[in-house]
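Next come the chains, spelled out residue by residue.
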Amino acid sequence: MFSKKRGAALLLAGCLTAAAFTGCSFTDNQALVKIDGGKDKITYGYANFNARLTQAMYDVFYKTSNESSYENLWTQASQTGKGTMESVTKSQILDEIKTAYYLTENAKDYGVKLTSDEKKEIKKTARTFMKENSKAAKKQLGAKEEYVERYLEDQLYTQKMEAAIEAKADTTVTDEEANMKTIHFVYFSDQVSTGSDGNLNVPSDDDIAKSKAAAEAIAAAPDFDSAVTANGGSVETYSYDAADLKKAKKKGTVTISSGTNLPYDVLKAVDGLSDGQSTDVVYVKNSGYYVACMNATTDQEKTESNRTSLQTEKKTDYYESTLKKMEAKSTWKLNKSLWKKVRFINRFTGTLIDQSTDSKSKDSTSTDSTTETDSSADSTGSSTGTTSITNSTSSDSSGN
């Protein structure tokens, strides 16, 4: 699966025929987003650069990993089902620009700033980007030195501010919240099912009676797991906390990792038991016979893992709520007709090459660059402490 966060740490190489590109420099300084009625703005040029850079990340990844997905990447429906990959990705890009803007605007409140070394590194990377990349590649990306600098600043401010905000979160997790219980259970269906051969399996009265008898034998046995095996069943495991139990109660069931639906009635029956105790047979209408055993009222390993997860969740929730408050203090108006001009039709190709090196500083900056080769030029973008993509072939398609 492609990670845009990972892609943002790469140097990108776009391979496009320059003749296929139609410039839009006359709109670069036009306000794509007006902030507080025009007191500030996000220019079309900067947003377009973000969009092209993101497009290149996806294009290069899918071109090198799955040719069939690459061809119709931007016109296919997104996994969210809320539009095409192009429309959803463009929406995400705007969200990221918006986030970076408000985090940067509020950085002083958290004592966050860029060090002189970071600023120098950003300027150096931007200059290198503009110097080493071909004119065609920079034109296709809508790249300007000021855009590259701001992009890197946005990435770094976002990273620093997220950490600073999360540091102020209350991450207290009680033992009750963290506690994870682990149960074993077995299920015997009395419903019609589809076999591996595609045919329907309709249980007879005798089949149902045998399933019920097997469940009763397991419920009465002192060793749950052995009894399940002896009666032709299959032990399944589920671990849950108090929040999971509440969700199951509200929904009436929970789907565990194996894909099995575990009814809340079964969880309710086993939840109050001690370690090693089993429930009576729990019959669930339109499902079948269940028996569950409390394996551990406190699964220590899973409880500690859950505590860490809940702490992370609290940090994330606090960060997101803080960001929403920042955004709510001003207006953000998008010029939708202007944003429609950005289309992912011309495509990028390239090869991912990992050239990462250890950073000299904890706060050193990851950088992005795009390199293009054509019949007359072959240049490779590189920068210390980054990953680069070098160009391979060119593609020629029409449109922006």
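Note that the coordinates shown come from a computational prediction; the quantities given were computed from them, not determined experimentally.

K.L.:
Where do I start with the pattern of salt bridges in this structure?
P.N.:
Where charged atoms of side chains with opposite charge meet at close range, the side chains can pair. Taken as a whole, this structure holds eleven salt bridges when the rule is applied. Here K123 makes a salt bridge to E149, at a shortest N to O gap of 3.5 Å. Separated by 26 residues along the polypeptide, K123 in helix α5 (residues 116–132) and E149 in helix α7 (residues 145–166) bring together distant segments of the chain. Given the relative accessible area of 40%, K123 is considered partly exposed. Linked through salt bridges whose partners overlap, the residues forming this network are D175, E304 and R307.

K.L.:
Before we go on, may I ask you to explain the packing of helix α2 (residues 44–65) against α7 in this structure?
P.N.:
Helix-helix packing is characterised by the crossing angle of the two axes and by the distance between the axes. One can describe the packing of α2 onto α7 by two numbers: an axis separation of 10 Å at closest approach and a directional angle of 70°. By the angle between their directions, the pair α2 and α7 is classed as roughly perpendicular. Along the contact surface, α2 presents G45, Y46, F49, N50, L53 and M57, while α7 presents Y147, V148, R150, Y151 and D154. Residue composition of the contact of α2 with α7, grouped by class: seven nonpolar, two polar and two charged.

K.L.:
Just to check I follow, could you spell out the environment of E313 for this structure?
P.N.:
Along the polypeptide, E313 turns up in helix α13 (residues 300–328). On the basis of relative accessibility, which here comes to 46%, the residue E313 falls in the partly exposed class. Between the C-alpha atoms of E313 and T171, which are 142 residues apart in sequence, the distance is 8.6 Å.

K.L.:
Looking at this model, I keep getting lost on the packing of aromatic side chains. Mind explaining?
P.N.:
Any pair of aromatic rings gets described here by the distance separating the centres and the angle formed by the planes. All chains considered together, the criterion is met by 14 aromatic pairs. Centroid distance F49 to F129: 6.4 Å. Interplanar angle 90°. Geometry classified as edge-to-face. Taken together, the positions of F49 in helix α2 and F129 in helix α5 put the pair 80 residues apart, joining distant regions of the chain. When its relative accessible area of 1% is taken as the criterion, F129 is described as buried. The interplanar angle of 75° and the centroid separation of 5.6 Å between the aromatic rings of Y58 and W74 together place this pair among those described as edge-to-face. Taken together, the residues Y58 in helix α2 and W74 in the loop between α3 (67–71) and α4 (85–105) connect sequence positions 16 residues apart. Look at Y58 and you get buried, because its relative accessible area is 10%. Over the face of the ring belonging to Y46 we find R150, whose NZ or CZ atom lies 4.7 Å from the ring centre. The side chain of R347 reaches across the aromatic face of Y70, ending 4.1 Å from its centre.

K.L.:
Looking at this model, I keep getting lost on the pairing of strand β2 (residues 40–43). Mind explaining?
P.N.:
Where a strand is regular, its side chains alternate between the two sheet faces. Taken together, the four bridges between strand β1 (residues 31–35) and β2 define a ladder with antiparallel strand orientation. Looking at β2, one finds that K34 is bridged to K41. Hairpin remark: β1 followed by β2, antiparallel, with four residues in the connecting loop; positive phi at D36, about 55°.

K.L.:
What is the right way to read the sheet that holds strand β6 (residues 236–240) from this model?
P.N.:
Sheet strands pair by backbone hydrogen bonding; their relative direction is either parallel or antiparallel. If you trace the four strands from one edge of the open sheet to the other, you get β6-β3-β10-β9, paired in antiparallel fashion. Each having just a single partner strand, β6 and β9 (282–284) make up the two edges of the open sheet. Across the sheet, the mean angle from the axis of one strand to that of its neighbour is 35°, orientation sign disregarded.

K.L.:
Looking at this structure, I do not really get the packing of α4 against α13. What am I missing?
P.N.:
Axis separation between α4 and α13 bottoms out at 10 Å; the angle between their running directions is 80°. Classified by the angle between their axes, α4 and α13 sit roughly perpendicular to one another. Residues K98, T99, Y102 and L103 of α4 touch α13, and the partners they reach there are Y319, L323, M326 and E327. The residue makeup of the contact of α4 with α13, split by class, is five nonpolar, one polar and two charged.

K.L.:
I tried to follow unusual backbone geometry on my own but got confused; where do I start?
P.N.:
Residues other than glycine predominantly adopt negative phi, and peptide bonds predominantly adopt the trans conformation. With phi around 55°, D36 is a residue other than glycine that occupies positive phi space. On the basis of relative accessibility, which here comes to 35%, the residue D36 falls in the partly exposed class. The phi dihedral of N286 falls on the positive side, at around 60°, and the residue is not glycine. Its location among the elements puts N286 in the loop between β9 and β10 (288–296). Residue N286 is classed as exposed on the basis of its relative accessible area of 60%.

K.L.:
Would you mind showing me how to read the side chain of D190 here?
P.N.:
Checked against the element boundaries, D190 lands in the loop between β3 (181–189) and β4 (193–194). Only 2.7 Å separates the side chain of D190 from the side chain of Q191, close enough to count as a polar contact. Residues within four places of D190 in sequence aside, it is in contact with P203, I208, Y283, S287, G288 and Y289.

About the thresholds
- Residues numbered from 1 in each chain as written.
- Predicted model: local features only at pLDDT ≥ 70, side-chain atom pairs only at ≥ 80, totals over all residues.
- Heavy atoms only, no water.
- Salt bridge = Lys/Arg side-chain N within 4 Å of Asp/Glu carboxyl O.
- Helix = DSSP H or I, 4+ residues; strand = E, 2+ residues; numbered from the N terminus.
- Buried < 20%, exposed > 50% of the residue type's maximum accessible area, 1.4 Å probe, protein only.
- Axes fitted to C-alpha atoms, helices over the stretch in contact; angles between N-to-C directions.
- Parallel < 35°, antiparallel > 145°, perpendicular 65-115°, else oblique.
- Contact = heavy atoms within 4.5 Å.
- Nonpolar A, V, L, I, M, F, W, Y, C, P; charged D, E, K, R; others polar.
- Phe/Tyr/Trp six-rings, centres within 6.5 Å; stacked < 30°, edge-to-face > 60°.
- Lys NZ or Arg CZ within 6 Å of the ring centre and 35° of its normal.
- Pairing = 2+ DSSP bridges.
- Polar contact = N/O pair within 3.5 Å; in protein donor to acceptor, adjacent residues only side chain to side chain.

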